[in-house]
Structure formats: structure tokens, C-alpha cells
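# Analysis of the macromolecular model
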Amino acid sequence: FKSTEESVRKYLCLHADDGLLASTPEEREKLVKKLEEKVKVQVSSPLRDEGSSLEFLKRKYYKTDEGIVMYSDRKHVDALAKVLPVKERDTPADQTFQQPDTTAELDAGQAKLYREATGRLLYLSSTRPDIQYAVCALSSKMARPTKLAWQWLRRVVGYLIRNPDIGFLIKPCQHNAKLDYAGSKLRTGVDVLTFSLESVTDADWAGQRQTRKSISSVQLYVGGSLVASHVRTQKSIALSSGESEFVAMVSGATEATHLQDCLEFLLGPEVAVATTLRADSSAARGTVSYTHLRAHET
């Protein structure tokens with residue numbers, strides 16, 4: 001949400017009963033008083049000075065001299081370590097994650113624990129890009145967990161026990177700043193500020209050896225800072241690496257379009273959002289260019 005008064009800068013992200021507000025102290029007080037007429041409101045201290053912190057959707061945000069650092073809630077890692085005591089691991093996945101699975105299914109009790117643990121990992125992975133590939137493999141086994149999938153689960157938990165707190169830095173947006181963070185500082189006095197939104201995609205062609213399905217990876221950056229990412233199994237079977245990369249690019253484009261709409265709604269006409277798709281596949285880039293050209297001809 002944003003204020004309908006053009007002169008008032010007040011923005012609110014609301015998820016059920018948890019909200020994140022960006023505004024002046026005066027506008028903050030007005031909104032809190034209005035909400036208190038209907039419901040009980042608990043308000044955290046603002047994330048303004050260096051060293052301050054707040055919690056939103058079970059994730060913690062810290063203000064530093066470089067920007068804002070976001071961390072996942074450690075309670076999920078602690079809960080997993082309690083029910084699955086395992087040795088620590090250096091990496092969340094190994095080569096077995098790509099091998100065909102011919103092992104037996106788990107018994108009912110172990111399968112229930114597997115699904116509960118994978119459910120926690122799915123929630124955690126939205127802010128832990130380092131485990132997204134492994135969790136994608138685990139979630140593909142939710143219907144019928146196997147002994148090999150159980151080994152995968154233990155490896156991911158062991159990695160999290162060794163690396164429980166990995167956050168990522170969101171820097172202040174700068175005019176035309178991209179992944180290398182080049183560009184002039186955010187400034188007033190220009191007609192239109194430009195924020196760069198970048199979708200970086202990759203694909204593992206036929207990464208699932210048993211089904212021959214490919215796996216897409218998408219990362220979204222605003223002003224050179226990572227703001228969202230995901231790893232997903234493609235629904236169709238790609239017949240070439242170029243096709244799998246193209247499918248990943250389309251997935252990144254749809255996510256970027258949604259994020260661009262959100263940014264343009266919040267920022268208004270004084271800020272332009274320039275979206276770029278990035279991929280390392282010349283075949284996929286060529287397909288996108290050809291499709292774009294044909295669309296214009298039509």
C-alpha cells in the first residue's frame with residue numbers, strides 16, 4: 001500500500017497481521033493511532049540508525065554503514081538440528097543429488113519427519129540462496145521420500161548447522177547502479193532517477209537424471225543488490241541446453257515483470273525502472289531476440 005496523497009510518502013507492506021512501514025515519524029504516528037481504533041498494535045523501533053534492527057515475517061533486518069543486512073530466523077536451523085543430529089557439512093549438496101534414485105521408500109514415521117523437515121527448509125530457502133538447489137531436490141521427493149533423499153536431508157541440515165547465519169546485504173539504490181554497483185549516487189535534481197532491475201538466470205539441462213527434467217535458477221537484483229531468488233524444476237522436458245536456458249529466462253522475465261510493477265507502483269513517475277535479462281547462453285539470448293523481433297513484426 002501507499003498513501004493516496006501525492007505529497008505524503010508513506011508505504012506499507014502488510015502480510016496477515018505483520019506489517020513493514022516506511023514513512024516519516026509523523027505519518028507513522030497517524031497510522032498507528034488509526035489502527036489502534038480497531039485492533040491492538042505492537043510497534044518496533046524504526047530501522048534508522050546504524051546498529052538498529054527489526055523483525056518482519058520471522059526475518060531479521062540490521063542497519064549497517066553499507067545498507068541493510070537480512071538474516072533468516074535461526075530457530076528453524078535449531079529445530080532441525082534437534083530432531084536430526086548429524087555431523088557438520090561443508091556444502092549443502094554433492095553429486096548424488098543428480099543421480100537416479102533406486103533406493104527403497106522410507107517407513108511412515110521417517111517419511112513424516114522428512115516432510116516436516118523439508119517443509120521447514122522450503123520456508124528457510126526463500127532467504128538462503130545457498131541451499132535452494134538442494135531443497136529443490138528434497139521437495140521433489142515429498143510424495144515418496146526414499147533412503148537416498150533421507151541422506152540428502154541429513155547433508156543439508158549438517159551444512160546449516162555449520163553455517164546457520166548467512167545473510168545478504170541490500171545496499172541503498174543508486175542512479176543506474178547495476179550488478180557491479182557502478183553508477184552515480186542517488187541524487188535529487190535530475191528529471192527521472194533510474195533504478196536497474198536485473199534478472200540473472202541459468203539452467204541445469206536434464207539435471208534430474210531420472211526424469212530428464214531441467215532445473216532453473218533465477219536471481220533478481222535491484223540497484224546491484226540481491227532481493228529475491230529461486231531454484232525450480234522445469235515442468236516440460238527440454239530437448240536442448242538452449243531450450244532449458246530459454247525456459248529459465250522466461251521464468252526470470254515473469255518474476256522481474258512482477259517486481260517492476262511493484263516498484264513502479266511504489267516509486268511513482270519520478271523514478272524509472274529499467275529491467276534487464278541476463279543469461280550466459282547465446283542460444284537462449286538469440287531465441288529471446290528472435291521472439292521479440294517477431295512480436296514487433298506481428
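Residues numbered from 1 in each chain as written. Predicted model: local features only at pLDDT ≥ 70, side-chain atom pairs only at ≥ 80, totals over all residues. Heavy atoms only, no water.

## Thoughts on the packing of helix α3 (residues 108–125) against helix α5 (residues 147–162)
We apply this condition: Axis lines are fitted to C-alpha atoms, over the contacting stretch for helices. Their N-to-C directions set the angle, which ranges from 0 to 180 degrees. Elements are defined by DSSP. Helices are runs of H or I of four residues or more, strands are runs of E of two residues or more, and each kind is numbered from the N terminus. Relative orientations are named as follows: roughly parallel for angles under 35 degrees, roughly antiparallel for angles over 145 degrees, roughly perpendicular for angles from 65 to 115 degrees, and oblique for any other angle. Note on convention: the crossing is left-handed when the near helix lies turned anticlockwise from the far helix by less than a right angle, right-handed when the turn is clockwise. In this analysis, two residues are considered to be in contact whenever any of their non-hydrogen atoms come within 4.5 Å of each other.
Where α3 contacts α5, the axes come no closer than 11 Å and their chain directions differ by 45°. Taken as axis vectors, α3 and α5 run oblique relative to one another. Considering how the two elements wind past one another, α3 and α5 form a crossing that is left-handed. Each of Q110, L113, Y114, A117, T118, L121 and L124 in α3 lies in contact with α5, whose residues at this interface are A149, W150, L153, V156 and L160.

## Concerning the pairing of strand β2 (residues 18–22)
Let me state the cut-off plainly: When DSSP finds two or more bridges between two strands, those strands count as paired.
For strand β1 (residues 11–15) and β2, the ladder comprises five bridges, and the chain directions are antiparallel. Residue Y11 lies in a different strand from β2, and its bridge partner there is A22. Counted between consecutive antiparallel strands, the loop separating β1 from β2 contains two residues, among which A16 sits at a positive phi close to 60°.

## Observations concerning the sheet that holds strand β6 (residues 168–170)
Reading across the sheet, the four strands line up as β3-β4-β5-β6 and stay open at both edges, with antiparallel pairing between neighbours. Taken across any chain shown, the strands that pair with only one partner, and hence form the sheet edges, are β3 (53–56) and β6. The mean inter-strand angle of the sheet, taken between neighbouring strand axes irrespective of direction, is 30°. Summarising the sheet, strand β4 (residues 59–63) and strand β5 (residues 68–72) pair through five bridges and their orientation is antiparallel. Residue pairing in the sheet places K60 in a bridge with Y71 of β5.

## Some points on empty space enclosed by the protein
Short version of the rule: Within this scheme a cavity is a closed region of a 1 Å grid, computed over the protein atoms alone, that accommodates a 1.4 Å probe without allowing it to escape, whereas a pocket is open but has protein on both sides within 12 Å along at least five of seven lines; lining residues each have an atom within 4 Å of a point. Grid points are joined across faces, edges and corners, and a volume is the space filled by probe spheres set on the points. Amino acids outside the nonpolar list (Ala, Val, Leu, Ile, Met, Phe, Trp, Tyr, Cys, Pro) and the charged list (Asp, Glu, Lys, Arg) are all regarded as polar, and Gly is one of them.
For the structure shown, the criterion picks out one cavity of 30 Å³ or more. What lines the largest cavity is Y71, S72, V77, L124, R128, P164, D165 and I166. By residue class, the composition of the lining of the largest cavity is five nonpolar, one polar and two charged.

## So, the layout of surface pockets
Estimated volume of the second largest pocket: approximately 280 Å³. Contributing to the lining of the second largest pocket are 16 residues, with S140, K141, Q208, Q210 and T211 lying nearest its centre. Breaking the lining of the second largest pocket down by element, the ones donating at least two residues are α4 (132–139) and β7 (193–208). When residues in the lining of the second largest pocket are grouped by element, the largest group, three residues, is from α4. Residue classes in the lining of the second largest pocket are distributed as six nonpolar, seven polar and three charged.

## Concerning the side chain of S196
In this fold, S196 is placed in strand β7. S196 has contacts with N176, A177, K178, Y221, V222, G223 and A274, leaving out every residue within four places of it along the chain.

## Some thoughts on the pattern of salt bridges
How we decide: For salt bridges, the criterion is a side-chain nitrogen of Lys or Arg within 4 Å of an Asp or Glu carboxyl oxygen.
For the coordinates displayed, the defined rule picks out 15 salt bridges. With a closest N to O distance of 3.6 Å, E27 and K30 form a salt bridge. Here E27 pairs with K30, and both are found in helix α1 (residues 25–36), just three residues apart, close to one helical turn. When the shortest N-O distance is used, the salt bridge between E116 and K112 registers 2.6 Å.

## Points about the confidence of the model for the chain
To be explicit about the condition: One confidence number per residue, pLDDT, is output by the predictor and ranges from 0 to 100.
Mean pLDDT over the chain stands at 91; residues scoring 70 or higher make up 94%. Taking the mean pLDDT of every element in the chain, the minimum, 74, falls on helix α7 (residues 282–297) and the maximum, 97, on α5.

## Considerations on helix α2 (residues 75–83)
Which entries qualify depends on this criterion: Any residue under 20% of the maximum accessible area for its type is buried, any over 50% is exposed, and the rest in between are partly exposed; the area is computed with a 1.4 Å probe on protein chains only. Directions are taken from the helix axis to each C-beta atom, and the arc is the one they span.
Turning to α2, its buried residues number three or more, namely H76, V77 and L80. An end-on view of α2 places all buried positions within 100° of arc, on one side of the element. As for α2, its buried residues are in contact with α3 and α5.

## Some points on the pairing of strand β9 (residues 225–233)
The sheet contact formed by strand β8 (residues 213–222) and β9 spans eight bridges and is antiparallel. Bridge pairing in β9 places Y221 opposite L226. Linking β8 back to β9 in an antiparallel pair, the connection comprises two residues, with G223 at a positive phi of about 60°.

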